[in-house]
Amino acid sequence: MIRLAIAKGRISSEAETLLAQAGLEFPSFDDTRKLIISDKSGLYEVLLVKPADTAVYVETGVADCGIVGRDVIEETDPDVFRLFSMPFAQCKMCVAGKEGFEYKAAKKIVAASKYVRCAERHFKQKQIPCNVIMLNGSVEIAPLLDMSDVIVDIVQTGKTLKENGLVVLEEVFDIAPVFITNKAALKTKQKELYELIDILEKQAGISQ
Ligand code: AMP
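The text that follows walks through the structure, step by step, so that each part is easy to find.

What counts and what doesn't
Residues numbered from 1 in each chain as written. Predicted model: local features only at pLDDT ≥ 70, side-chain atom pairs only at ≥ 80, totals over all residues. Heavy atoms only, no water. Salt bridge = Lys/Arg side-chain N within 4 Å of Asp/Glu carboxyl O. Helix = DSSP H or I, 4+ residues; strand = E, 2+ residues; numbered from the N terminus. Buried < 20%, exposed > 50% of the residue type's maximum accessible area, 1.4 Å probe, protein only. Contact = heavy atoms within 4.5 Å. Near = heavy atom within 4 Å. Polar contact = N/O pair within 3.5 Å; in protein donor to acceptor, adjacent residues only side chain to side chain. Areas by Shrake-Rupley, 256 points an atom, 1.4 Å probe, with all protein chains shown as cover.

### A closer look at the pattern of salt bridges
Next, step 1: Under the counting rule described, the total for this entry stands at 13 salt bridges.
Next, step 2: Here Asp 174 makes a salt bridge to Lys 92, at a shortest N to O gap of 2.8 Å. Placement of Asp 174 in strand S10 (residues 167–175) and of Lys 92 in strand S6 (residues 91–97) is noted, with a sequence separation of 82 residues between them.
Next, step 3: Classification of Asp 174 as partly exposed rests on a relative accessible area of 45%.
Next, step 4: Taking the shortest distance from any N to any O, the salt bridge between Lys 126 and Glu 170 comes out at 2.4 Å. Here the residue Lys 126 occupies a position in the loop between helix H4 (116–125) and strand S8 (130–134), and Glu 170 occupies one in strand S10, the gap between them amounting to 44 residues.
Next, step 5: Judged by its relative accessible area of 35%, Lys 126 falls in the partly exposed class.
Next, step 6: Judged by relative accessible area, Glu 170 falls into the buried class, the value being 16%.
Next, step 7: Through salt bridges with shared partners, a single ionic network connects Arg 70, Glu 74 and Arg 121.

Shown next, in the form of structure tokens:
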């Protein structure tokens, strides 16, 4: 049996379609309150977990593999193998703020973000001194109320920024769901895991 941890929400909705197209029949992820779901064949089990926890289940070996956004991988840097990206739920990590905001040389800026490490890394690379305030969500509020100069957050359609009078100032990295696995699973469940990887890659149009 292969156990797959999937980030519940945007990723799980689309992963469900991909898994179904690959012939893995699960009850609807959106309609159930169950957190552990078996497929019809009994060969696969899905754990529906918080996005930020997905890699933890794989890293600790509780799950053999997982599907998680690159945002989580970049923020938490888990000890897992990142095998391939999937062509859905794509978005970007961006720096956003009020239109016209410009960094002034050597002047410290304040950023609000749920992705503190990504934000710190980005401004360090740009050699911009920065204080990052950790917020768990609705970060768009911070620059509106002058709590921060900018935010570092995920932008998909740009609607949330627009409705809050903010604009993308810089793109930091592209985000897509990533298929991850661990050393133990690659060793002990190699055959079953490669079968799954093969069908998912084919379904995702990554290999023919
Ligand atoms: P949008 O208005 O479509 O640009 O979406 C931006 C809002 O949705 C922000 O508050 C983001 O934090 C959140 N968001 C968008 N895409 C994702 C994603 N793939 N994972 C987590 N949060 C997301």
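The structure having been displayed, the exposition proceeds.
### A closer look at unusual backbone geometry
Next, step 1: Positive phi, normally seen in glycine, also occurs at Ala 89, with a value near 50 degrees.
Next, step 2: By secondary structure assignment, the location of Ala 89 is in the loop between strand S5 (81–85) and S6.

### Concerning the side chain of Glu 45
Next, step 1: Among the secondary structure elements, Glu 45 is positioned in strand S3 (residues 44–49).
Next, step 2: Judged by relative accessible area, which is 14%, Glu 45 ranks as buried.
Next, step 3: Discounting chain neighbours no more than four positions away, the residues touching Glu 45 are Met 1, Ile 2, Arg 3, Leu 4, Ile 36, Ile 37 and Ser 38.

### Concerning the site of the ligand
Next, step 1: Within the structure, the ligand sits among Arg 10, Cys 91, Glu 140, Asp 153, Ile 154, Val 155, Gln 156, Thr 157, Gly 158, Lys 159 and Thr 160.
Next, step 2: Arg 10 is positioned such that a nitrogen or oxygen atom in its side chain is 3.3 Å from an oxygen atom of the ligand.
Next, step 3: Side-chain polar atom of Glu 140 to an oxygen atom of the ligand: 3.3 Å apart, as the coordinates give it.
Next, step 4: Protein burial of the ligand: of its 480 Å² of free accessible surface, 75% is covered by the chains.
Next, step 5: Listed by contribution, the elements that provide at least two residues to the shell around the ligand are strand S9 (150–155) and helix H6 (159–163).
Next, step 6: With three residues, the single largest contributor to the shell around the ligand is S9.

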